[in-house]
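Now for the letters of each chain:
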Amino acid sequence: MRGGVAVSGAPSMEELEGSPGFPSKERLVKETVAVIECVQEIPCDVCGSICPHNAIEVTSVKSLPRLVEEECTGCGVCIPFCPGLAIFLVDYNYSGEEALISFPHEFHPLPEVGASVEATDRRGRSVTKGRVVRVTERENYDCTVVVSIAVPKKFAQLVRGIKLPGGG
Ligand code: SF4
Ligand code: SF4
């Protein structure tokens, strides 16, 4: 991905790999882990207080969140509470061929579990087909729903959302 967040609105892989919220490749393939894609020093520190396992460190309200990858349990609690919709969960070992990607979703209609959907990258561009595995709605999530889709493993760090026929 070229341009980066200042040009395209979506972070480039270089920006992500250089940011403290991005898990190492070793951690990614080991167990489910949060991927924090927050690369701009905006005044926000919600994630630092929401993680129940102290796996996100935010040293000041304008510093980038740091993922303490050895403490992350992959619970996904942080996903719906990030106002920037910048936290994802990757289960690289979901199956032999597929990774499970969980992401915040704020469009309607919601996808149906089992449906085949268009899986998109950080800029909303189609990447591959995904299968909806979970749609998690909770009262305390406010208007954010967490959607989990299975995609081929090779797209685990590329797919970050879906595009539905109705525009969602
Ligand atoms: S997935 Fe769970 S343990 Fe990991 S950073 Fe998010 S809230 Fe913390
Ligand atoms: S809650 Fe989201 S936007 Fe705020 S610091 Fe954490 S990752 Fe960045």
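Just above sits the structure.
Everything quoted here is computed from the prediction, not taken from an experiment.

The rules behind each value
- Residues numbered from 1 in each chain as written.
- Chains lettered and ligands numbered in written order.
- Predicted model: local features only at pLDDT ≥ 70, side-chain atom pairs only at ≥ 80, totals over all residues.
- Heavy atoms only, no water.
- Phe/Tyr/Trp six-rings, centres within 6.5 Å; stacked < 30°, edge-to-face > 60°.
- Helix = DSSP H or I, 4+ residues; strand = E, 2+ residues; numbered from the N terminus.
- Buried < 20%, exposed > 50% of the residue type's maximum accessible area, 1.4 Å probe, protein only.
- Lys NZ or Arg CZ within 6 Å of the ring centre and 35° of its normal.
- Near = heavy atom within 4 Å.
- Nonpolar A, V, L, I, M, F, W, Y, C, P; charged D, E, K, R; others polar.
- Polar contact = N/O pair within 3.5 Å; in protein donor to acceptor, adjacent residues only side chain to side chain.
- Contact = heavy atoms within 4.5 Å.
- Salt bridge = Lys/Arg side-chain N within 4 Å of Asp/Glu carboxyl O.
- Pairing = 2+ DSSP bridges.
- Axes fitted to C-alpha atoms, helices over the stretch in contact; angles between N-to-C directions.

So, about the packing of aromatic side chains. Applying the stated rule across the entire model yields one aromatic pair. Look at Phe81 and Tyr141: their rings are 5.9 Å apart centre to centre, the planes differ by 85 degrees, and that puts the pair in the edge-to-face class. Of this pair, Phe81 sits in the loop between strand 3 (66–67) and strand 4 (87–91) while Tyr141 sits in the loop between strand 7 (126–136) and strand 8 (145–152), placing them 60 residues apart in sequence. A relative accessible area of 25% places Phe81 in the partly exposed class. You can call Tyr141 buried: its relative accessible area is 9%. The residue whose ring lies beneath Lys153 is Tyr92, and the NZ or CZ to ring-centre distance is 4.7 Å.

Surveying the vicinity of ligand 2 reveals the residues Ile36, Cys38, Ile42, Cys44, Val46, Cys47, Pro65, Cys82, Pro83 and Ile87. Tallied by class, the residues present in the shell around ligand 2 amount to 10 nonpolar, no polar and no charged.

Mapped onto the fold, Ser19 is located in the loop between helix 2 (13–17) and helix 3 (25–30). Residue classification places Ser19 among the buried residues on the basis of a relative accessible area of 8%. A polar side-chain atom of Ser19 sits 2.8 Å from the main-chain carbonyl oxygen of Leu16. Sequence-distant contacts of Ser19, that is, excluding residues within four places in its chain, are made with Ile36 and Val39.

For the rest of this paragraph, the subject is the pattern of salt bridges. Per the counting criterion, the structure on display carries six salt bridges. Salt-bridge contacts for Glu57 lead to Arg66; the nearest nitrogen and oxygen are separated by 3.3 Å. Given the relative accessible area of 36%, Glu57 is considered partly exposed. With a relative accessible area of 37%, Arg66 lands in the partly exposed category. For Arg125, the salt bridge is made with Asp121, and the minimal N-O distance between the two is 2.8 Å. Taking the relative accessible area as the measure of exposure, Arg125 reaches 38% and is therefore partly exposed. Here Asp121 falls in the buried class, since its relative accessible area comes to 8%. Here the residues in one salt-bridge network are Glu37, Arg122 and Arg160, joined through shared partners.

This next bit is on the sheet that holds strand 5 (residues 98–105). Strand order in the open sheet formed by seven strands is 1-4-5-8-7-6-9, and the pairing between neighbours is antiparallel. Across the chains shown, the open sheet's two edge strands, defined by having one partner strand only, are strand 1 (33–36) and strand 9 (161–163). Along the sheet, successive strands turn relative to each other by an average axial angle of 40 degrees, direction set aside. Pairing geometry for strand 4 and strand 5, over three bridges, is antiparallel. Looking across to strand 5, one finds that Val90 is bridged to Ile101.

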